[in-house]
Amino acid sequence: MASQTPRKTFKEVFPDTLPASATPPVHNTIVENHIAPFYALGWRFSKRELNCHFDAQSEWDQTMSPMSDSQTAWVNPRWRRYAKELPHYHRPMLHFMRNGDALYQITINFPPHMKTFKESEQKIIKAAVEALRLSEDKASELRWYRNGS
């Protein structure tokens, strides 16, 4: 009798994070008998890192804080210079993770987003790094994050 290979667990098939170069499967497709989850490509910041990064820029006013939705307004003026070059692409979006960390995402694993991203991947990454004013070290931390990780 032939032995069966044990079925891989969800986390074995879909790890919490992937390197930026390892594009995850498209959301809701079937991979090894599991439905592919939502992944976002971006930079993760702890609350402390987010506060330090943006407060260090001395650009907050009394109505903005790095923990508010209005924080994305900090990015908008910097993103405008890339709008003509990347007309079908949105600015980096700030999202909060379940553990309280923040993720500045630049794309997700949905078909239209992935297609647009792949067409101008290096330009988009460069524009996001510049708009967010990321250090080389932080820029190198670009990863795919699975929803809920």
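Quick look at the structure, then. Since the structure is predicted, the reported quantities are computational estimates derived from the model, not experimental observations.

Observations regarding the environment of N99
Within the secondary structure, N99 is located in the loop between β5 (93-96) and β6 (102-108). Overall, N99 belongs to the partly exposed group, its relative accessible area being 47%. The spatial distance from the C-alpha of N99 to the C-alpha of S46 is 9.2 Å, given a sequence separation of 53 residues. Within polar-contact distance, the side chain of N99 engages the backbone nitrogen of D101 at 2.8 Å.

Examining the nonpolar core
Judged by nonpolar contacts, the single largest core of 28 residues is most densely connected at W43, W79, L86, Y89, I106 and F117. Those elements that place two or more of their residues in this core are β4 (39-45), α3 (76-83), β6 and α5 (121-132). Element by element, the count of residues in this core is highest for α5, at 7 residues. Not counting residues up to four positions away in its chain, the partners in contact with Y89 are W79, I106, T107, T116, F117 and I124. With 5 residues, the next largest nonpolar core counts A40, L103, I108 and Y145 among its residues.

What to know about the packing of aromatic side chains
Inspection of the entire model under this criterion finds 3 aromatic pairs. Between F38 and F110, the aromatic rings sit 5.7 Å apart at their centres with planes inclined by 85°, giving edge-to-face as the arrangement. Pair noted here: F38 is in the loop between β3 (34-35) and β4 and F110 is in the loop between β6 and α4 (111-119), with a separation of 72 residues, a long-range link. We classify F110 as partly exposed; its relative accessible area is 29%.

What counts, and where the lines are drawn
Along each chain, residues carry numbers from 1 onward, in the same order as the chain's sequence is written. Reporting in this predicted model follows two pLDDT cut-offs: at least 70 for local features of residues, and 80 or more for side-chain atom pairs to be given and counted; totals over whole chains, interfaces and linings ignore these cut-offs and use all residues. Processing note: side-chain calculations cover all non-hydrogen atoms of the structure and skip hydrogens and water entirely. Numbering of helices and strands starts at the N terminus; helices are DSSP runs of H or I of at least 4 residues and strands are runs of E of at least 2. Categorising residues by exposure relies on relative accessible area from a 1.4 Å probe, with only protein chains included: less than 20% of the type maximum marks a residue as buried, more than 50% marks it as exposed, and the intermediate range marks it as partly exposed. Within 3.5 Å is the distance limit for a polar contact, defined as a pair of N or O atoms, with the added protein rule that one can donate a hydrogen and the other accept it, and that residues adjacent in sequence qualify only through two side-chain atoms. In this text, buried Ala, Val, Leu, Ile, Met, Phe, Trp, Tyr and Cys residues form a nonpolar core when linked through side-chain atoms within 4.5 Å. It only takes one pair of heavy atoms within 4.5 Å for two residues to be counted as in contact. Pairing of aromatic side chains requires ring centres within 6.5 Å, counting the rings of Phe and Tyr and the six-membered ring of Trp. Pairs whose planes differ by under 30 degrees are stacked, by over 60 edge-to-face, and all others tilted.

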